[in-house]
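# Examining the three-dimensional arrangement
The lines below spell out each chain.
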Amino acid sequence: MTIPIPSRSLCGAVETARPTGLPSANPTRSFWTDSSPNANLLASQGSEGPLTADADICIIGSGITGVGVAYHLAQAAQATGYASMCKGPLKVVILEARDFCSGATGRNGGHLRAATYVGYAAREAAFGRDEATRSYEVEAYTTRSIVSIIQEHGWDDDIDMVNGGHIRLYFTEAAACDARRDLECTRMSSLNLKAVKWIEKEEMATEYGPPYPGVYSPAYNLWPLKFVTKLYERTEGLSGRHFSLTVHTQTPATAVERVVQGSDDQSGIRPYIVSTPRGSISCSKVVHATNGYASHLLPFLASCIVPTRGQVMAVRADVNVDQIKTNSWGNDRGSEYWFARPMQKGSDEKPLIILGGARQLAVTPFESNVQDDSTVCPVVGKALRNFLPSVFPGKFMPERKPEMEWTGIMGFTEAGDPLVGPVVDPDGNMDTFKGQFIAAGYSGHGMPRAFGCAEIISQMIIAELSGNEWNRPEWFPERFLTWNRIDDLKDSSFRA
Ligand SMILES: Cc1cc2nc3c(=O)[nH]c(=O)nc-3n(C[C@H](O)[C@H](O)[C@H](O)COP(=O)(O)OP(=O)(O)OC[C@H]3O[C@@H](n4cnc5c(N)ncnc54)[C@H](O)[C@@H]3O)c2cc1C
């Protein structure tokens, strides 16, 4: 989990940008995907047997974005009585290159934390107060949506959701000073910071251990893959008169081709063919939910959404559960992030900590333009092994070998904001890719944004299918929209 910082240096050198390949065939094993035999129940769902030949909508990618789009489409299809409108169910298929949800969502840090104040002053200066405010509203909205779905269906325990809050530590005086300024500016906006609290160094040391000041914000941690699995099962369960859903794992999309020009949604003619090694799918709309790998199918995005590798480990503490708090943690650089997995009261096992970060120390600067999650970086691993012992002396053993260590690929944009909406070509032309949509580029901070962005994509598709205009909800930032990001695309040095 990284706080996106608008900086080209984090996004990698533009000159060297090349489209990504497909996700690597043998990814490292993450705690979320591989720590127990049943962790990924849908791992190979739809990987054998006949491939779906025809669909209204083909979603590429089965992470929180792809499954989120399917979920919101199902809700919308039910709510609008889709079958009566369009003489049949809305047929949705998801293609996944590897196991179900084995990209960033299945390999991340497990934090679901809506940003509350970090970066506010810079955003207000750059975008104005309304748009700055929306940066936080979209995260609050998305987090609320996820949590309310989990609570409505009673999934809390199944997905290990903990409402433990988050503490961001400030290791330097300068960083603490910036944070105070951000907090002051945010308090002057319309955002609600009632639950956000500055913690002085002395109080932090007494209550929590580390001798640094910090800020407490509301936040959750959870098992992201299990949430997406539940979401998929729930969505598939809505299949019926108005909606149908299929997923094909181990089925990479290798090309998206427009085979019919000028067809409209009412004609019933499928304008697109999505190719896979198992055959092809005819469809009307394509959703790119491929995040860090977006440029494989849309090469002109190569320098706009840059694959960036993050590393995470699961490592035991040296003290008992009563000495480890349930909140998640981060630090001023936004580079390290960690939390203790929930444990049963009275357990004599040492708590297992999920710890990620240290990209800034990697051999390849920031692991930018690294798209291989089949290996870990030893330098990052060493830094992580020594990080917690330095912040919580006595509670962690230096150099302790992690129980699991893995990497995952994020999609970074220069601004740190995702691209959401219809695919627009670098000249700003909306017709070139008409019927294709994208939500990608969360820049390491996707859990509190992707599901809301997926809802926007679903709204846009339903609006297009029903011949209505799409209207931006007030909570959604204008600058996330693809048609407002043409300059980012124009910067692209790569042309397919
Ligand atoms: C190490 C790490 C730690 C992170 N920690 C946090 C955190 O704690 N909190 C937080 O908010 N965010 C975190 N993030 C970011 C967050 O995980 C992502 O922003 C979010 O999961 C993106 O979801 P997604 O569905 O868009 O992408 P993904 O989950 O990456 O899904 C994209 C899917 O598309 C598939 N795919 C790609 N190309 C093709 C193709 N051609 N055909 C078929 N399938 C394809 C991939 O295999 C993948 O499964 C972290 C990310 C990483 C990598």
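Values in this document were obtained by computation on a predicted structure and should not be read as measured data.

Let us now look at the sheet that holds strand E12 (residues 306–316). In space, the 8 strands of this open sheet follow the order E5-E6-E4-E13-E14-E15-E12-E16, with mixed pairing throughout. What marks the edges here is a single partner per strand, and that holds for strand E5 (197–199) and strand E16 (404–412). On average, adjacent strands in this sheet sit at an angle of 20 degrees to one another, irrespective of strand direction. Pairing analysis gives 5 bridges linking E12 to strand E15 (residues 352–356), with the strands arranged antiparallel. By the bridge assignment for E15, alanine 314 is matched with isoleucine 354. The strands that helix H11 (residues 378–391) touches are strand E4 (166–169), E12, strand E13 (328–331), strand E14 (337–340), E15 and E16; relative to E12, the one it contacts most, it runs at about 50 degrees.

As a further point, take the confidence of the model for the chain. Looking at the chain, the pLDDT average stands at 92 and 95% of residues meet or exceed 70. Confidence drops under pLDDT 50 across residues 2–15; counting only partners more than four residues distant or on other chains, this segment forms 41 contacts.

Before going further, it helps to spend a moment on the side chain of serine 62. One can find serine 62 in the loop between strand E1 (54–60) and helix H3 (64–80). Judged by its relative accessible area of 1%, serine 62 falls in the buried class. A polar contact is formed between the side chain of serine 62 and the side chain of glutamate 96, at a distance of 2.8 Å. Residues within four places of serine 62 in sequence aside, it is in contact with Val67, Ile94, Leu95, Glu96, Asp99, Phe100, Cys101 and Val228.

This brings us to the pairing of E16. Most of E16 sits inside the fold, with 8 of its 9 residues counted as buried. Of the strand pairs in this sheet, E12 and E16 are connected by 9 bridges, and their pairing is antiparallel. Bridged to alanine 314 within E16 is methionine 404.

Attention shifts here to the packing of helix H6 (residues 129–152) against helix H12 (residues 450–465). Contact pair H6 / H12: the axes reach a minimum separation of 7 Å and the direction vectors enclose 95 degrees. With respect to each other, H6 and H12 are oriented roughly perpendicular. Touching Tyr141, Thr142, Ser145, Ile146 and Ile149 of H6 are Phe451, Gly452 and Glu455, all from H12. Here the residues of the contact of H6 with H12 are counted per class, giving 4 nonpolar, 3 polar and 1 charged.

Moving on, we come to helix H7 (residues 173–187). For H7, which comprises 15 residues, the first-to-last C-alpha distance of 21 Å matches the rise-based estimate of 21 Å (1.5 Å per residue) to within 8%. Taken residue by residue, H7 has Ala175, Ala176, Ala179, Asp182, Leu183 and Thr186 as its buried positions. Viewed end-on, H7 has its buried residues packed into an arc of 120 degrees, placing them on one side of the element. Looking at H7, the residues exposed on the side facing more than 90 degrees away from the buried face are Glu173, Ala174 and Glu184. Where H7 is buried, its residues meet helix H5 (120–127), E5 and strand E6 (214–217).

Reading guide: rules and limits
Residues numbered from 1 in each chain as written. Predicted model: local features only at pLDDT ≥ 70, side-chain atom pairs only at ≥ 80, totals over all residues. Heavy atoms only, no water. Pairing = 2+ DSSP bridges. Helix = DSSP H or I, 4+ residues; strand = E, 2+ residues; numbered from the N terminus. Axes fitted to C-alpha atoms, helices over the stretch in contact; angles between N-to-C directions. Contact = heavy atoms within 4.5 Å. pLDDT = per-residue confidence, 0-100. Buried < 20%, exposed > 50% of the residue type's maximum accessible area, 1.4 Å probe, protein only. Polar contact = N/O pair within 3.5 Å; in protein donor to acceptor, adjacent residues only side chain to side chain. Parallel < 35°, antiparallel > 145°, perpendicular 65-115°, else oblique. Nonpolar A, V, L, I, M, F, W, Y, C, P; charged D, E, K, R; others polar. Expected span 1.5 Å × (residues − 1). Arc of directions from axis to C-beta.

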